[in-house]
Amino acid sequence: MNILHHVIRILLALCLTSAAGAAVPAEAPQKQYVPEVGQEGKDVVWVPTPHVLVEKMLDLAKVTPQDYVMDLGSGDGRNVIAAAKRGARALGVEFNPDMIELSRRTAAREGVADKAQFVQGDMFEADISQATVMALFLLPDNLSRLTQKFLDLKPGTRMVLNGFGVPGWDADVTERAEGDCGSWCTAMLYIVPARAAGTWRLPKGELKLDQKFQVLTGALSSGGSTTPVKDGRLRGDQISFSAGGEKYEGRVNGDTMLGNGGGWTATRLRPVTQ
């Protein structure tokens, strides 16, 4: 009887252990984050730039391994990763930490984690001063808030945008991508202009320039007469305009201008802050 009782206890213990094991589910594998098109973000909804347009944008900017490319609101990191694949150093600033981790995993899988970096942050607070190329897909309101940051970039910095241009600023080049790009096929290139507004001393007189982004207007005063500036334009630090029946082409370097071939010079007397 004692032996039978002992056997029953063992059997009961085995049954309870088995039941307890069955009651505890196996730990489910952790699901990786997958973003959804149209999901809300801090400042924009997420709509990815089609890959063919990403390549068109980088083509327009002529990205090389010597460039430092930045993307604000970098989403899943595709602009940054594509630039890194061209040998450039690249940085994405993104507010959503899940997007950052996704971008880092993708960069590692694509073999460019050493060049494609991602940080969490507010795009309006980000330091973009070292960028040579900005690759962006933002709304006009976002771009308006960032305009002063763009103007503070080094003259000649290239900015390539998907779909929406900088309000009030004419693109230097606009092209369309070929292939599967849906509603987002247009890329725009902007070359950050030098600051040329102000009053300048030329050998032939005094030149007053007003500047709206890369467009220049104004007048040349010489010998008691004044003639308007025509066709004034900046492309990075390269300046061109006509005044007093002459065509001027050269470069702006701070408070001096030097004509191509050394044909003319100008010194700024009174700068105008934009």
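Since we're looking at a predicted model, the values are computed, not measured. (Residues numbered from 1 in each chain as written. Predicted model: local features only at pLDDT ≥ 70, side-chain atom pairs only at ≥ 80, totals over all residues. Heavy atoms only, no water.)

### Regarding the pattern of salt bridges
(1) Moving on: With the rule as written, the count across this model stands at 14 salt bridges.
(2) Moving on: Taking the shortest distance from any N to any O, the salt bridge between Lys56 and Glu175 comes out at 3.0 Å. Remark: Glu175 occurs in strand S6 (residues 173-176) and Lys56 occurs in helix H2 (residues 51-61); sequence separation between them is 119 residues.
(3) Moving on: Two residues, Asp172 and Arg235, come together in a salt bridge whose shortest N-O distance is 3.9 Å. Of the two residues, Asp172 sits in the loop between strand S5 (158-162) and S6 while Arg235 sits in strand S12 (residues 230-235), which places them 63 residues apart along the sequence.
(4) Moving on: A relative accessible area of 19% means that Asp172 is categorised as buried.
(5) Moving on: Overall, Arg235 belongs to the partly exposed group, its relative accessible area being 39%.
(6) Moving on: Here the salt bridges share partners, and the residues they tie into one network are Glu55, Asp59 and Arg86. (Salt bridge = Lys/Arg side-chain N within 4 Å of Asp/Glu carboxyl O. Helix = DSSP H or I, 4+ residues; strand = E, 2+ residues; numbered from the N terminus. Buried < 20%, exposed > 50% of the residue type's maximum accessible area, 1.4 Å probe, protein only.)

### What about the state of the cysteines?
One way to say it: the disulfide is the covalent bond shared by the sulfur atoms of two cysteines.
(1) Moving on: A complete count under the given rule lists 1 disulfide for this structure.
(2) Moving on: The disulfide that involves Cys181 links it to Cys185, with 2.0 Å between the sulfurs. Handedness of the Cys181-Cys185 disulfide follows from its S-S torsion of about 100°: it is right-handed.
(3) Moving on: With relative accessibility at 5%, the residue Cys181 sits in the buried group. (Disulfide = S-S within 2.5 Å.)

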